[in-house]
Amino acid sequence: MLGAAAAGLGVVVSGAEIGRAQDSGVILEFGLSQRLEFTDNLDLDPVSAGTTSQASTALSFNISSETGISKLTFGGGATLQVYDAPGEQTQSEIVNKRLNLGYSRSAATSGHG
């Protein structure tokens, strides 16, 4: 293996910082990561066919709205992979596609007794 490189970046943008002090608000998050790989003789042949390269770029987002008793979240993401091997055409595909939705609500417990 000749080498591999990876980098990540996360950005958080808050929609209601004043509301957060009151246990409510909206938070919007974006994610980006990049991974590059270069491999010589991937198949471990006696004579190397050449260098194989693969790049992956992952994008994601999440938005959440929270109050004192409830939380609603929605998010998603996907990864674009590009693969280039000796003697083959460059291939690309979108993998790890996802969407998620969540809701939770809690109520104060009453103390009877």
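Above: the structure in question.
Reading the values: rules and limits
- Residue positions within a chain follow its written sequence, with the count starting from 1.
- This being a predicted model, a pLDDT of at least 70 is required before a residue's local features are given, and a value of 80 or more before pairs of side-chain atoms are given or counted; all residues contribute to the totals for chains, interfaces and linings.
- Excluding hydrogens and water, the side-chain values take into account all heavy atoms of the structure.
- Helix and strand labels come from DSSP, where a helix needs a run of H or I of at least four residues and a strand needs a run of E of at least two; each type is numbered from the N terminus.
- We call a residue buried when its accessible area falls under 20% of the maximum for its residue type, exposed when it is over 50%, and partly exposed in between, using a 1.4 Å probe and counting protein chains only.
- We call two residues in contact whenever any of their non-hydrogen atoms come within 4.5 Å of each other.
- Computed with the Shrake-Rupley method and a 1.4 Å probe, the accessible areas treat only the protein chains shown as cover for residues.
- Only strands that DSSP links by at least two bridges are regarded as paired with each other.

**Considerations on the overall build of the protein chain**
No. 1: Across its full length, the protein chain carries one helix and five strands.
No. 2: Helices and strands appear in the protein chain in the N-to-C order β-α-β-β-β-β.
No. 3: Counting the 113 residues in the protein chain, one finds 16% classified as buried.
No. 4: If you take every contact in the protein chain between residues at least 6 apart in sequence, the share linking residues at least 24 apart comes to 50%.
No. 5: Accessible surface, the protein chain: about 8,200 Å² in total, of which carbon and sulfur atoms supply 56%.

**Observations concerning the pairing of strand β5 (residues 91–105)**
No. 1: Relative to β5, strand β4 (residues 70–84) runs antiparallel, the two sharing 13 bridges. Following the sheet pairing, Thr73 is matched in β5 by Gly102.
No. 2: If you look at the hairpin formed by β4 and β5, you'll find six residues sitting between the two strands, and Gly87 has a positive phi there, around 80°.

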